[in-house]
Amino acid sequence: MPFSLDKLLVVGISSRALFDLEVEEAIFQDQGLDAYRQHQLNHENEILKPGAGFALVKALLKLNQLTPGQRLVEVVIMSRNSSETSLRIFNSIEHYGLDISRAALAGGAPLAPYLQAFNVSLFLSLHEDDVQAAINSGIASALLYQLAENTADLDQIRIAFDGDAVIFSDEAEKIYQTQGIEAFEQHERDNAKKPLPEGPFARLLVALSYIQNNFKAPDGRALPLRTALVTARSSPAHERVIRTLRAWNIAIDETFFMGGVNKSAVLAAFKPHMFFDDQHGHCMHASSVVPTGRVPYKQ
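What you see is a predicted model; the values in this text were computed from it and never measured.

Caption draft 1: Inspection of the overall build of the protein at higher detail. Broken down by element type, the protein carries 13 helices and ten strands. Radius of gyration (C-alpha) of the protein: 20 Å, near the 19 Å computed for a compact globule of 299 residues. Along the three orthogonal principal directions, the C-alpha set of the protein runs to about 60 × 45 × 35 Å. Of all 299 residues assigned to the protein, the portion counted as buried reaches 50%. Of the contacts formed within the protein by residues at least 6 apart in sequence, a portion of 75% connects residues at least 24 apart. Between the averaged position of the 27 positive side-chain charges in the protein and that of its 35 negative side-chain charges there is a distance of 7 Å.

Right, dumping it as structure tokens:
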């Protein structure tokens, strides 16, 4: 029987997000495709350093060790490389012992059309046009920032999310951006008991919650995975968030209502393998302490 990806958490990641290919990207941009191709062939046996998404992928793949004979996570390399220039990537995957066997090598073509073919649940890349196209097609996707220097190598998977325009829709965010904080707070008071619409990462959060609920310690705590909500909201806009998660039957392990305070210190303490936010300013600050991905608005 053919292998099915239907019941797996499938992460699609670009080769440049998994490994540090910034030198190679500069060669491609400055000298062109032929120079890039020759560089990759000449350095085929040189192992690449980890990139911005490496820690998260390595951690997620460990989930497969929880269920012998049954996979929970599949990682697919989604690259604009051709097969000819991709051997260095596969050599690096083997070197680090990453359980990755599938790839889509598009040879310079856009990747978005192939995401649904691989049933991708989360797409990570450093190419903004691919990320935007993925978001537009309804797939949770983030543009990764350059790797934070002191990335923690924790056994427990930790993922942090912003709220509006990430887990939840950008409905409330648009009111804040166009009408200001007072209009935003009044809108949230008026709709406190009405669940927020789903955002681009809502289904991913549901999938992670399923994993948490099926692997718990005797005290009821989730063993392999811990989540955090780090949002700029504060009282009185907190109530709608709490009621929404309750309506979705999702329990986030740690929640921080920051009220506009810089998120970096809290993120540094939580030590996530990845933090997802929709605001470039927040991502710039966060990326100095933890791996960070920006979630673009759907167009």
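Caption draft 2: Quick look at the nonpolar core. Grouped together as the largest cluster of nonpolar side chains are 55 residues, with contacts concentrated most on Leu18, Phe161, Phe201 and Phe276. A per-element tally of this core places helix H4 (residues 54–61) first, with six residues. With residues near it in sequence (within four places) discarded, Phe161 still touches Val166, Ile167, Phe201, Leu204, Leu205, Leu208, Thr227, Ala228, Leu229, Val230, Phe275 and Phe276. If you look at the next biggest cluster of nonpolar residues, it comprises 15 residues, including Val10, Leu115, Phe118 and Val120.

Caption draft 3: The arrangement of the packing of aromatic side chains in detail. Per the counting criterion, the structure on display carries nine aromatic pairs. Relative to Phe201, the ring of Phe161 lies with its centre 6.3 Å away and its plane at 65°, an arrangement referred to as edge-to-face. In this pair, Phe161 sits in strand S6 (residues 157–161) while Phe201 sits in the loop between helix H9 (181–190) and helix H10 (202–214), placing the two residues 40 residues apart along the sequence. Using a relative accessible area of 0% as the deciding quantity, one classes Phe161 as buried. Their ring planes at 50° and their centres at 5.6 Å tell us that Phe168 and Trp248 sit as a pair that is tilted. Taken together, the residues Phe168 in the loop between S6 and helix H8 (171–179) and Trp248 in the loop between helix H11 (238–247) and strand S8 (254–257) connect sequence positions 80 residues apart. Ring-pair connections join several aromatic residues into one group, and the members of that group are Phe19, Phe54 and Tyr96. Directly above the ring of Phe270 sits Arg158, whose terminal nitrogen or CZ lies 5.4 Å from the centroid.

Caption draft 4: Summary view of the pattern of salt bridges. Evaluation of the coordinates by the stated rule reveals 22 salt bridges. The partner of Lys263 in a salt bridge is Asp162, and the shortest N-O contact between them spans 3.1 Å. Here Lys263 is found in the loop between S8 and helix H12 (264–270), whereas its partner Asp162 is found in the loop between S6 and H8, with 101 residues between them in sequence. On the accessibility criterion, Lys263 (5% relative accessible area) is buried. Each of Asp164, Glu171, Glu188, Arg233 and Arg240 takes part in a single network of salt bridges with overlapping partners.

What counts and how
- Residues numbered from 1 in each chain as written.
- Predicted model: local features only at pLDDT ≥ 70, side-chain atom pairs only at ≥ 80, totals over all residues.
- Heavy atoms only, no water.
- Helix = DSSP H or I, 4+ residues; strand = E, 2+ residues; numbered from the N terminus.
- Rg over C-alpha atoms; globule rule 2.2 N^0.38 Å.
- Buried < 20%, exposed > 50% of the residue type's maximum accessible area, 1.4 Å probe, protein only.
- Contact = heavy atoms within 4.5 Å.
- Lys, Arg positive; Asp, Glu negative; His and termini not counted.
- Charge placed at Lys NZ, Arg CZ, Asp CG, Glu CD.
- Core = buried A, V, L, I, M, F, W, Y, C linked by side-chain atoms within 4.5 Å.
- Phe/Tyr/Trp six-rings, centres within 6.5 Å; stacked < 30°, edge-to-face > 60°.
- Lys NZ or Arg CZ within 6 Å of the ring centre and 35° of its normal.
- Salt bridge = Lys/Arg side-chain N within 4 Å of Asp/Glu carboxyl O.

Everything listed is a geometric property; what it means functionally is a separate question.
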